Amino acid sequence: YIELMNGNTVRLVARESSFGEYNEEQGLYIYNVQYPLSASNVKRLQVGEVDKVKMIWGRGFENYEVYYLDFFINQFRCLIENQR
């Protein structure tokens, strides 16, 4: 889930499950996941700053603090400008 500062929530479902791969150099697991976006989710992400992200794992969940609040706003703006 992506919780936005304006009170909206965007629920994303991964296209496929990922079990992650351990990276020995960095000492952590890396998960490569794709999340399809509906038109309504794109509209929400284009205008709402991100407050926090909640990841639901196979055994529970974790909330993650977000530091780049306007990430999606900037990314979608860039994509739209490059289509012109």
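All figures in this text were calculated on a predicted structure; none of them were measured in a lab.

*Asks:* What should I look at first to understand the sheet that holds strand β6 (residues 60-65) in this one?
*Replies:* By definition, the strands of a sheet pair up through backbone hydrogen bonds, in either a parallel or an antiparallel sense. What the four strands build is an open sheet, ordered β2-β1-β5-β6; its pairing is antiparallel. Of all strands in the sheet, those bounded by a partner on one side alone are β2 (9-10) and β6. Sheet analysis places strand β1 (residues 2-4) next to β2, joined by two bridges and oriented antiparallel. Paired with Glu3 across the bridge in β2 is Thr9.

*Asks:* What is the right way to read the environment of Leu37 from this model?
*Replies:* Among the structural elements, Leu37 can be located in the loop between β4 (28-30) and α1 (39-47). For the pair Leu37 and Leu12, spaced 25 residues apart in the sequence, the C-alpha separation amounts to 7.4 Å. Apart from residues no more than four positions distant in its own chain, Leu37 is found in contact with Leu12, Val42, Leu45 and Phe76.

Conventions used here
- Residues numbered from 1 in each chain as written.
- Predicted model: local features only at pLDDT ≥ 70, side-chain atom pairs only at ≥ 80, totals over all residues.
- Heavy atoms only, no water.
- Pairing = 2+ DSSP bridges.
- Helix = DSSP H or I, 4+ residues; strand = E, 2+ residues; numbered from the N terminus.
- Contact = heavy atoms within 4.5 Å.

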